[in-house]
Amino acid sequence: MSETVKELTCIVCPMGCTLRVTMDGGKFVSVTGNSCPRGAKYAETEMTAPRRVLTSTVRVSGGHLPLCPVRTKGDIPKELLFDAMRQLDTLCVQAPVSIGQVLVEDLCGTGIPVIATRDIHSV
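Scoring rules and cut-offs
- Residues numbered from 1 in each chain as written.
- Predicted model: local features only at pLDDT ≥ 70, side-chain atom pairs only at ≥ 80, totals over all residues.
- Heavy atoms only, no water.
- Helix = DSSP H or I, 4+ residues; strand = E, 2+ residues; numbered from the N terminus.
- Expected span 1.5 Å × (residues − 1).
- Contact = heavy atoms within 4.5 Å.
- Pairing = 2+ DSSP bridges.
- Axes fitted to C-alpha atoms, helices over the stretch in contact; angles between N-to-C directions.
- Salt bridge = Lys/Arg side-chain N within 4 Å of Asp/Glu carboxyl O.
- Buried < 20%, exposed > 50% of the residue type's maximum accessible area, 1.4 Å probe, protein only.
- Core = buried A, V, L, I, M, F, W, Y, C linked by side-chain atoms within 4.5 Å.

(A) Here's a closer look at helix α1 (residues 37–48). Compared with an ideal rise of 1.5 Å per residue, which puts 12 residues at 16 Å, α1 spans 17 Å between its outermost C-alpha atoms and is within 8% of the ideal. Where α1 is buried, its residues touch β1 (3–9), β2 (18–24), β3 (27–32) and β4 (51–52).

Shown next as structure tokens:
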């Protein structure tokens, strides 16, 4: 196998360290440039199994606004983002909606819920 080196900017904290990640055939080998252990963990996860928090909107029926902003309560595998968006596209919730309310219990089988990030009042 051949080693490859990729540069990433760490997004865990405001420092924005430039990380140099060494991979060997798809396997994590090492990371340099991190100022803290969290940067090393971020680099390994980003290179082997990237995850993202998904933010979007869902349709609302009977609300003072037609859409409600939502987000996942945790991060989901990056490869599921498009499937997750398709699932949210089919959702229409009934007003009222409260901030923090769980609108989807288990997004795409990840075990991660989707929550409302704004109150939507009934009309």
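From this point on, the discussion continues.
(B) Up close: the sheet that holds β3. Sheet architecture is open: three strands sit in the order β1-β2-β3, paired in antiparallel fashion. Lying at the two open borders of the sheet, with one neighbouring strand each, are β1 and β3. Neighbour-to-neighbour, the strand axes of this sheet turn through a mean angle of 25 degrees, independent of strand direction. Alignment of β2 against β3, held across five bridges, turns out to be antiparallel. Bridge pairing in β3 places Thr-22 opposite Ser-30. The strands touched by α1 are β1, β2 and β3; relative to β2, the strand with the most contacts, the crossing angle is about 50 degrees.

(C) Quick peek at the pattern of salt bridges. Considering all chains together, one arrives at five salt bridges under this definition. Across the salt bridge formed by Asp-89 and Arg-59, the nearest N and O atoms sit 3.6 Å from each other. Of this pair, Asp-89 sits in helix α2 (residues 81–89) while Arg-59 is found in strand β5 (residues 55–61), placing the two residues 30 residues apart along the sequence. What makes Arg-59 partly exposed here is its relative accessible area of 39%. A salt bridge links Asp-83 to Arg-86; the shortest N-O distance between them is 2.5 Å.

(D) How the structure looks around the sheet that holds β5. If you walk across this open sheet you meet the five strands as β8-β5-β6-β10-β9, and the pairing is mixed. The open sheet is flanked by β8 (92–94) and β9 (102–104), the only strands paired with a single partner. The mean inter-strand angle of the sheet, taken between neighbouring strand axes irrespective of direction, is 45 degrees. Alignment of strand β6 (residues 67–72) against strand β10 (residues 114–116), held across three bridges, turns out to be antiparallel. In the strand pairing of β10, Thr-72 is matched with Val-114. α2 rests against β5, β6, β9 and β10 of the sheet, and its axis sits at about 15 degrees to β5.

(E) The nonpolar core, seen in detail. Core analysis: the biggest nonpolar cluster contains 19 residues, and Val-58, Leu-88, Leu-103 and Leu-107 have the highest contact counts within it. Those elements giving two or more residues to this core turn out to be β5, β6, α2, β9 and β10. Not counting residues within four places of it along the chain, the set of residues in contact with Leu-107 comprises Leu-54, Thr-72, Ile-76, Ala-84, Gln-87, Leu-88, Ile-112 and Val-114. Core analysis: the second largest hydrophobic core is formed by nine residues, Leu-8, Leu-19, Val-21 and Ala-43 among them.

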